[in-house]
Amino acid sequence: MFKSAIVALAGLGLSAAVSAQTLTEGEDYTRLETPVTTQAADDQIEVTEVFWFGCPHCYRLQPAVTEWYSTLPDDVVVVQQPATMGGAWNVHAGAFYAAQALGIEDELHADFFDALHEQGRELTDTDTLAAFFSNYGVSQDAARKALDSFGVKAQVNKAHARLRNMRLKGVPALVVDGRYVVTPQSAGSLANMPKVAEALIQRTRKEQGGGSDSDDA
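Overview of the structure. (Residues numbered from 1 in each chain as written. Predicted model: local features only at pLDDT ≥ 70, side-chain atom pairs only at ≥ 80, totals over all residues. Heavy atoms only, no water.)

Overview of the overall build of the chain
The following threshold applies: Strands are runs of DSSP state E lasting at least 2 residues, helices are runs of H or I lasting at least 4, and numbering of each runs from the N terminus. Between buried and exposed lies partly exposed: a residue is buried under 20% and exposed over 50% of the maximum accessible area for its type, with that area taken using a 1.4 Å probe on protein chains only. Throughout, a contact is declared for two residues whenever any of their heavy atoms are within 4.5 Å. Computed with a 1.4 Å probe, the accessible areas rest on the Shrake-Rupley method; for each residue, only the protein chains presented here act as cover.
Scanning the chain for helices and strands turns up 8 helices and 7 strands. Burial status across the chain gives 48% buried among its 217 residues. If you take every contact in the chain between residues at least 6 apart in sequence, the share linking residues at least 24 apart comes to 74%. When the accessible surface of the chain is summed, it comes to about 10600 Å², and 49% of that surface belongs to carbon and sulfur atoms.

Following this line, the structure appears as structure tokens:
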């Protein structure tokens, strides 16, 4: 059963200073035996955030990752990927990709989380989603077409195939360079996840020949 991870923000874990040298594979992160394909260029590093809008721990992680994303250099590409495990998971994944197709994802993302977790809304049917989307300058008809489109369904299917290849047992998760998986359990807390991912970015950058820090890979 795919479950949302239950780890306290304050929790256990690494200190504020985390380096590639201090990380231990199998403890602080796991390595995929078969890397997943990334969308990043050869000279870039992809960070994939795997989430479900309905997951309270994904919601609690948002302030930390949002702040972290704003500090990342140009050689790091962030990809947000909704988890797809049937039912509301897939509906919300479709909403994510429909919002992308309509060009309103950046505006809608945090509000969608808030609507579910602060306002107690379900947002699990086309009409309700279309009405929600209409708050962002698109018509309900346009929203319905996007939500029911072949392109959005194909995106959800593609995300599901990629999710299976990641072999995740829960969300949230950060996947660095399609190889390194960071979870709340491995990082010790939700708050530590960006710190571990940052160190793995440093390691990957050195492997690509672009690093200058003193950490051993």
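Some points on the packing of aromatic side chains
Rules: Stacked, tilted and edge-to-face are the three classes applied to pairs of Phe, Tyr and Trp rings, where Trp contributes its six-membered ring and a pair requires centres within 6.5 Å; stacked means planes under 30 degrees apart, edge-to-face means over 60, and tilted covers the rest.
Tallying each qualifying case throughout the model produces 12 aromatic pairs. With a centroid separation of 5.6 Å and an interplanar angle of 40°, the aromatic rings of W68 and Y69 are classed as tilted. Judged on exposure class, the residue W68 and its partner Y69 are both buried. Taken together, a centroid distance of 5.6 Å and an interplanar angle of 80° make the contact between F112 and F132 edge-to-face. One end of the pair, F112, is in helix α3 (residues 105-117); the other, F132, is in helix α4 (residues 126-133), with 20 residues separating them in the sequence. Across this residue pair, the class does not change: F112 and F132 are buried. Taken together through their ring pairs, the aromatic side chains of F51, F53, Y59, F96, Y97, F112, F113, F132 and Y136 make up a single cluster.

Focus on helix α5 (residues 140-147)
Threshold: What the arc covers is the set of directions going from the helix axis to the C-beta atoms.
Those residues of α5 not exposed but buried are A143, A146 and L147. In an axial view of α5, the angular spread of the buried residues amounts to 95°, which keeps them on one side of the axis. Opposite the packed face of α5, turned more than 90 degrees from it, sit the exposed residues D141 and K145.

Digging into the sheet that holds strand β4 (residues 76-82)
Here is the rule we go by: Two strands make a pair as long as DSSP finds a minimum of two bridges between them.
Read across the sheet, 5 strands follow the order β2-β7-β6-β3-β4 without closing on themselves; strand pairing throughout is mixed. Lying at the two open borders of the sheet, with one neighbouring strand each, are β2 (30-31) and β4. Summarising the sheet, strand β3 (residues 45-51) and β4 pair through 7 bridges and their orientation is parallel. Across the sheet, the residue bridging to E49 is Q80, located in β4.

Some points on the nonpolar core
For the record, the criterion: For our purposes a nonpolar core is just a set of buried Ala, Val, Leu, Ile, Met, Phe, Trp, Tyr and Cys residues, chained together by side-chain atoms within 4.5 Å.
By size, the foremost hydrophobic cluster in this structure holds 43 residues, and its most contacted members are V50, L108, F112, F132, F133 and V171. Elements represented by at least two residues in this core include exactly β3, α1 (56-69), α2 (88-102), α3, α4, α5, α6 (150-166) and β6 (173-176). Residue contributions to this core peak at 7 residues, all from α2. Sequence-distant contacts of F133, that is, excluding residues within four places in its chain, are made with A95, A98, A99, L102, I104, L108, V138, A143 and L147. Judged by nonpolar contacts, the second largest core, of 22 residues, contains L23, V47, L72 and V76.

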